[in-house]
Amino acid sequence: EVQLVESGGGLVQAGGSLRLSCAASGFRFDDYAIGWFRQAPGKEREGVSCIKSTDTSTYYADSVKGRFTISSDNAKNTVYLQMNSLKPEDTAVYYCAGIDGFTGYGCYAFIQTKNLDAWGQGTLVTVSS
């Protein structure tokens, strides 16, 4: 079973940085995807970023382009989301999610799919003004 454990949320002032981590286990196929979603109170869940295990596809929401960077460390089975120049509107609960066996699909499909294999527990990011 795919399992994800995330960490790194916290309170930061506008303009500051945080790095979220998502440690993954249980993937049985070489081609999988891990990404980040966020949800603020009263708002719909938003796909933030995604990376394929093959590093052939990435995705960034328009709202975070140029500020957030997703990366992976295969040796540690961990995906990171480096968040720079944080804004108050970035405040949300951030979740990592994964899907196993994703050959032929890119990160846009990952963001859109309703059939993700696993979710992390969520970590709260609060950006003060």
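Since we're looking at a predicted model, the values are computed, not measured. Position numbers for residues start from 1 in each chain and track the written sequence from start to end. Only residues with pLDDT of at least 70 are given local features in this predicted model, and only at 80 or more are side-chain atom pairs given and counted; all residues enter the totals for whole chains, interfaces and linings. For the side-chain quantities, the full set of heavy atoms in the structure was used; hydrogens and water were omitted.

Trainee: Explanation requested: the environment of Thr126 in the structure shown.
Mentor: Strands here are runs of E lasting at least two residues and helices are runs of H or I lasting at least four, both read from the DSSP assignment and numbered beginning at the N terminus. By the element assignment, Thr126 lies in strand S11 (residues 123-128). We classify Thr126 as partly exposed; its relative accessible area is 26%. Through-space distance from the C-alpha of Thr126 to that of Ser85 is 13 Å; in sequence the pair is 41 residues apart. Those residues in contact with Thr126 that sit more than four places away from it in its chain are Gly10, Leu11, Val12 and Thr91. Residue exposure (1.4 Å probe, protein chains only): buried if accessible area is under 20% of the type maximum, exposed if over 50%, otherwise partly exposed. Contacts are assigned to residue pairs that have any heavy atoms within 4.5 Å of one another.

Trainee: Explain the nonpolar core here, please?
Mentor: Generally speaking, soluble globular proteins have nonpolar side chains that are buried together. In this description, a nonpolar core means a group of buried Ala, Val, Leu, Ile, Met, Phe, Trp, Tyr and Cys residues linked to one another through side-chain atoms lying within 4.5 Å. Counting residues in hydrophobic clusters, the biggest one holds 29 residues, and the most contacted among them are Leu4, Ile34, Trp36, Phe68, Leu81, Met83 and Tyr94. If you list the elements that add at least two residues to this core, you get strand S3 (18-25), strand S4 (33-39), strand S5 (46-52), strand S7 (68-73), strand S8 (78-83), strand S9 (92-99) and S11. A total of four residues in this core trace back to one element, the largest contributor, which is S3. Ala33, Phe110, Ile111 and Leu116 belong to the second largest nonpolar core, which has ten residues in total.

Trainee: Just to check I follow, could you spell out the pairing of S3 for this structure?
Mentor: Regular strands place their side chains on alternate faces of the sheet. When strand S1 (residues 3-7) meets S3, the two strands line up antiparallel, connected through five bridges. Bridge pairing in S3 links Gln3 to Ser25. Only strands that DSSP links by at least two bridges are regarded as paired with each other. Pairing of S3 with S8, which is carried by six bridges, proceeds in the antiparallel orientation. Pairing of Leu18 across the sheet is with Met83, part of S8.

Trainee: Is there a simple way to think about the sheet that holds S8 in this case?
Mentor: A sheet is described by the order of its strands in space; here four strands give the open sequence S1-S3-S8-S7, paired in antiparallel fashion. Of all strands in the sheet, those bounded by a partner on one side alone are S1 and S7. Across the sheet, the mean angle separating the axes of adjacent strands is 15 degrees when strand polarity is ignored. Axis geometry follows a simple rule: fit a line to the C-alpha atoms, using only the stretch in contact for helices, then measure angles between N-to-C directions, giving values from 0 to 180 degrees.

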